[in-house]
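Residues per chain, in single letters:
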Amino acid sequence: MRAVCLCFQVHQPFRLRWFWPIEGYESDSASLDLYFDQGFNRLVFEEMSEAYIRLNRVIQDRGLRCTFNLSGTLLDQSTWNPELIRSFRKLRGVVEFLSSPYYNSLASLFEEKDEFVRQVRMQRDALSDLLGVRSTVFVNTELIHNSVIARLLRELGFSAVLSEGGFGLGERSSLFDDDALFTLFRHPVLSEDLEFRAHDTTWCEYPLTASKFAGWIAEIAGDLLTLYVDYGCVSDEFLGDLVDELGLRGIDLLTVSEAISEFDPSFYDGALELSRLNLKHCLSNHMQHLYLHELERLSRMGAGGDKIFGYLQQADIFFEMGDGKPYPFDYAVNALSILSDYARRRV
């Protein structure tokens, strides 16, 4: 392997509070405090923002070439710690920033794409206002990509997209041209190793060291390998060590745009219907599909446009209704109660 695109999602959701319907009728208007656990959200954000700032110092000090997707919900929460935005602003010229749906939503699955396009423009404008950058590369929530989305992205002026890959892609390259957009396919196994399995003490490869991980990358044939993981899954020590270990093996770190300029793409002729884990964690049961249907119905009826409706679209809400979660039914009842209370005020 000659080079790695190390891409990070930096995201903190607005988590729902436990909502009793009578509270909605006792309140004159919808509000963040009515539907979301703002005390807990702030507590988690303040802890994670300090970790992000430490990681950013490593990237700045080492001149580490990597790529970030900052969610709109993270940008909104950054008012609780403005130093976080300042620390990302210092990385301009070293790293690249991607565009994505502002609310980390599944709006790209709606039949009508107006809400999806609105959120993409919102996030791109926010990056311009807060960081002074304009992104030409896109990554969708949960790496969702298809031909319809590709057409919309071209119309919006994007030149490349990051999406989900498959086994064996790294044996050639993870950079493809489908006659529409340059597409970088993430390596799902190594990305999931770093984000999830590395923290599982029962995993046969535990503990995962930077040396071991860099060794796995070096053994893969090809020009380019793309990783896309949550920023909070790595420590500042691991990140610094990984830079050293990749350097010892002659492997460069590149931003997405640098990779596109550096390597010739392969032509991709496979099916363009891609997503992380085939969305099994988001849309595997009736409750999740019902919630998506209600969001889409409200969007068609013109309920969109405010922050609350955006936060109610977060993919994180779908995760908590997943079959593997402790109380998916209870969570779904709570989420649908909140959505119902919001809807009666808007439509």
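Look up a bit, the structure's there.
In short, a report on the structure. (Residues numbered from 1 in each chain as written. Predicted model: local features only at pLDDT ≥ 70, side-chain atom pairs only at ≥ 80, totals over all residues. Heavy atoms only, no water.)

Observations regarding the side chain of Gln38
Along the polypeptide, Gln38 turns up in helix H3 (residues 38-62). Not counting the four nearest positions on each side in its chain, Gln38 is found in contact with Phe14, Leu32, Asp33 and Trp80. (Helix = DSSP H or I, 4+ residues; strand = E, 2+ residues; numbered from the N terminus. Contact = heavy atoms within 4.5 Å.)

Some thoughts on helix H6 (residues 114-131)
Taking 1.5 Å per residue as the helical rise, H6 with its 18 residues ought to reach 26 Å, and the 26 Å between its terminal C-alpha atoms agrees with that figure. Gly132 lies just past H6 and shows a positive phi near 75°. (Expected span 1.5 Å × (residues − 1).)

Brief notes about the pattern of salt bridges
On inspection of all chains with the given rule, the structure shows 22 salt bridges. With a closest N to O distance of 2.9 Å, Glu294 and Arg297 form a salt bridge. A residue pair is termed a helical-turn pair when its members lie 3 or 4 positions apart in one helix, as Glu294 and Arg297 do in helix H12 (residues 286-300) at three residues. In this structure, Asp341 and Arg345 form a salt bridge, with 3.1 Å as the shortest nitrogen-oxygen distance. With a gap of four residues between them, Asp341 and Arg345 both fall in helix H15 (residues 328-346), about one helical turn apart. Each member of the salt-bridge network shares a partner with another, and the members are Glu142, Glu164, Arg186, Glu192 and Arg276. (Salt bridge = Lys/Arg side-chain N within 4 Å of Asp/Glu carboxyl O.)

Digging into the packing of H3 against helix H10 (residues 236-248)
Direction vectors running N to C along H3 and H10 enclose 25°, while the axes themselves pass 9 Å from each other. When the axis of H3 is compared with that of H10, the two are roughly parallel. The two elements H3 and H10 cross, and the hand of that crossing is right-handed. Side by side, H3 and H10 meet where Arg54, Leu55, Val58, Ile59 and Arg62 of the first sit next to Asp236, Leu239, Gly240, Val243 and Asp244 of the second. Residues that form the contact of H3 with H10 fall into these classes: five nonpolar, one polar and four charged. (Axes fitted to C-alpha atoms, helices over the stretch in contact; angles between N-to-C directions. Parallel < 35°, antiparallel > 145°, perpendicular 65-115°, else oblique. Left-handed = near helix turned anticlockwise from the far one by under 90°. Nonpolar A, V, L, I, M, F, W, Y, C, P; charged D, E, K, R; others polar.)

Details of the nonpolar core
Within the largest apolar cluster, 106 residues are counted, with the highest numbers of intra-cluster contacts made by Ile59, Phe68 and Phe88. The residues contacting Ile59, other than those within four sequence positions of it, are Leu64, Cys66, Phe68, Leu91, Val94, Val95, Tyr231 and Leu239. One finds Leu98, Val139, Leu184 and Ala259 within the second-largest nonpolar core, a separate group that totals 18 residues. (Core = buried A, V, L, I, M, F, W, Y, C linked by side-chain atoms within 4.5 Å. Buried < 20%, exposed > 50% of the residue type's maximum accessible area, 1.4 Å probe, protein only.)

Re the packing of helix H9 (residues 210-219) against H10
The geometry of H9 relative to H10 is characterised by a closest axis approach of 8 Å and an angle of 45° between their N-to-C directions. In this view, H9 runs oblique relative to H10, as classed from their interaxial angle. Remark: the crossing between H9 and H10 carries right-handed chirality. Contacts from Ala210, Ser211, Phe213, Ala214 and Ile217 in H9 reach Phe238, Asp241, Leu242, Glu245 and Leu246 in H10. Among the residues forming the contact of H9 with H10, the class breakdown is seven nonpolar, one polar and two charged.

Notes on the pairing of strand E9 (residues 224-230)
Buried residues dominate E9, accounting for six of its seven residues. Sheet topology note: the strand E1 (residues 3-10)/E9 ladder contains seven bridges and is parallel. Paired with Cys7 across the strands is Tyr228, a residue of E9. (Pairing = 2+ DSSP bridges.)

Focus: the side chain of Glu164
Along the polypeptide, Glu164 turns up in strand E6 (residues 160-164). Among the residues examined, Glu164 registers a relative accessible area of 7% and is labelled buried. Polar contacts involving the side chain of Glu164 include one to the side chain of Arg186, which spans 2.7 Å. Look past the residues within four positions of Glu164 in its chain and what remains in contact with it is Leu143, Phe185, Arg186, Pro188, Leu274, Ser275, Arg276 and Leu277. (Polar contact = N/O pair within 3.5 Å; in protein donor to acceptor, adjacent residues only side chain to side chain.)

Observations regarding the packing of aromatic side chains
Applying the stated criterion across every chain, the model contains 23 aromatic pairs. Ring geometry for Phe88 versus Phe97: centroids 6.4 Å apart, planes at 75°, classification edge-to-face. We classify Phe88 as buried; its relative accessible area is 0%. For Phe97, a relative accessible area of 5% puts it in the buried group. Cluster of aromatic residues (ring-pair linked, three or more members): Phe14, Phe36, Phe45, Trp80, Tyr102, Tyr103 and Tyr311. Across the ring face of Tyr25, the terminal group of Arg344 is positioned such that the distance to the ring centre comes to 4.0 Å. (Phe/Tyr/Trp six-rings, centres within 6.5 Å; stacked < 30°, edge-to-face > 60°. Lys NZ or Arg CZ within 6 Å of the ring centre and 35° of its normal.)

Regarding a nonpolar patch on the surface
A cluster of nonpolar residues, Trp18, Trp20, Ile22 and Tyr25, forms a patch on the protein surface that exposes about 530 Å² of accessible area. Here Trp18 shows up in the loop between E1 and helix H1 (21-26). (Patch = residues over 30% accessible without salt bridge, like charges linked within 9 Å, V, L, I, M, F, W, Y side chains within 5 Å. Areas by Shrake-Rupley, 256 points an atom, 1.4 Å probe, with all protein chains shown as cover.)

Function cannot be read off these values alone, since they describe shape.
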